[in-house]
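Inside the fold
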Amino acid sequence: MIKNLVLILALISLVACTKGFSEKEKQEYTLKGKEIAQASFKELSSNLMTQMKAGGPAKAIPFCKEEARNILGELSKEHNAIIKRSSDQLRSCKIEPTVRELEVIDMYKQLNSEKKETKPFVEIDAEGNKQFYAPIKIQAKCLTCHGKVNETMTAKTDSIIKTIYPFDIATGYSEGDIRGVWSITFNN
Ligand code: HEC
């Protein structure tokens, strides 16, 4: 009897939580999130590569500090969403991960270590907003500034980074590691 009651209550809360967010909407927003994350990645990457070509890490690192968040700010306006990159090993102290972002990063790291798929997804956050997450993985070209010092990253680059970001802990990564998450909050 009590067991049944618990089950019914659990079902009711499940229905209440997913109310107003159908499977179709979930798919639609996951797709939208993926597109925004991809466009944002492309925009950051191409800007970064232009700077790298022009002057290597010494030029690209200060550029990231000045412009990365502005670029995401502009894209946020364009897409009517808040586009954020978050990590559990931060370089920029201006990016503070939420408790949920840290949980999602942990989940992706676990899946990644088990060689399982790390899929993007959408959920409703505590304020009732549609919230998208996707993993950010380390590629070979990221190692110049996020790799292992004296192995995949030069001590010189590390010292430039440490001068600008004295509290940097965003190094030591290998290709394929989870660097963080895209965290996109839709405004509608
Ligand atoms: C030229 C050096 C450089 C390269 C190459 C680079 N990054 Fe970064 N990365 C930075 C800097 C500098 C910041 C801090 C930006 C800021 O102050 O907002 C940063 C910040 C980040 C952040 C935000 C979280 C944090 O720790 O501040 C993520 C996520 C990230 N990088 C992922 C990547 C990925 C993935 C790649 C490869 C596709 C990459 N980076 C390549 C220099 C670089």
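Because the structure is predicted, anything quoted here is derived from the model rather than measured.

Close to the ligand lie 22 residues; R91, C142, C145, H146 and Y165 are nearest. Measuring from an oxygen atom of the ligand, one finds a backbone N or O atom of R91 at 2.6 Å. In this structure, Y165 approaches the ligand through a side-chain N or O atom, which is 2.7 Å from an oxygen atom. Those elements that place two or more of their residues in the shell around the ligand are α2 (23-79), β3 (130-137) and α4 (143-146). In terms of residue count, α2 provides more of the shell around the ligand than any other element does, eight residues in total.

Bringing unusual backbone geometry into the picture now. In this structure, K115 is a non-glycine residue whose phi angle is positive, near 60°. In this fold, K115 is placed in the loop between α3 (99-113) and β2 (121-124). Phi is positive for N150, close to 70°, though the residue is something other than glycine.

Before going further, it helps to examine the pairing of β2. Looking along a regular strand, one sees the side chains alternate between the two faces of the sheet. The pairing of β2 with β3 spans four bridges and is classified as antiparallel. Looking at the pairing, I124 lines up with K130 of β3. Linking β2 to β3, which pair antiparallel, is a turn of five residues; within it G128 sits at a positive phi near 90°.

Metal coordination angles have textbook ideals: 109.5 degrees for a tetrahedral set of four donors and 90 or 180 degrees for an octahedral set of six. Exactly one donor from the protein chain reaches the iron atom of the ligand: H146 (NE2), at 2.1 Å. By secondary structure assignment, the location of H146 is in helix α4.

With that settled, consider the UniProt feature "domain: Tll0287-like" (unreviewed entry) in the chain. Taking the UniProt record as the reference, the feature "domain: Tll0287-like" (unreviewed entry) is found at residues 46-186. Spanning residues 46-186, this segment combines 45% helix with 19% strand, and its end C-alpha atoms are found 25 Å apart.

Further remarks concern the pattern of salt bridges. Following the criterion strictly, the structure yields nine salt bridges and no others. Close ionic contact of D168 with R91 constitutes a salt bridge, the shortest N to O distance being 2.6 Å. Of this pair, D168 sits in the loop between α5 (155-164) and β4 (178-186) while R91 sits in the loop between β1 (81-86) and α3; the two residues are 77 residues apart in sequence, bridging distant segments of the chain. Summarising the burial analysis for this pair, D168 and R91 share the class buried. For the salt bridge of K162 with D158, the shortest nitrogen-to-oxygen distance reads 3.0 Å. Of this pair, K162 and D158 both sit in helix α5, four residues apart, which is roughly one turn of the helix. A relative accessible area of 31% means that K162 is categorised as partly exposed. One connected set of salt bridges, linked through shared partners, spans R91, D158, K162 and D168.

What counts as what
Residues numbered from 1 in each chain as written. Predicted model: local features only at pLDDT ≥ 70, side-chain atom pairs only at ≥ 80, totals over all residues. Heavy atoms only, no water. Near = heavy atom within 4 Å. Polar contact = N/O pair within 3.5 Å; in protein donor to acceptor, adjacent residues only side chain to side chain. Helix = DSSP H or I, 4+ residues; strand = E, 2+ residues; numbered from the N terminus. Pairing = 2+ DSSP bridges. Donors = N, O, S within 2.8 Å, 3.2 Å for Na, K, Ca; no water. UniProt positions renumbered as here; feature names shortened; annotations may be inferred. Salt bridge = Lys/Arg side-chain N within 4 Å of Asp/Glu carboxyl O. Buried < 20%, exposed > 50% of the residue type's maximum accessible area, 1.4 Å probe, protein only.

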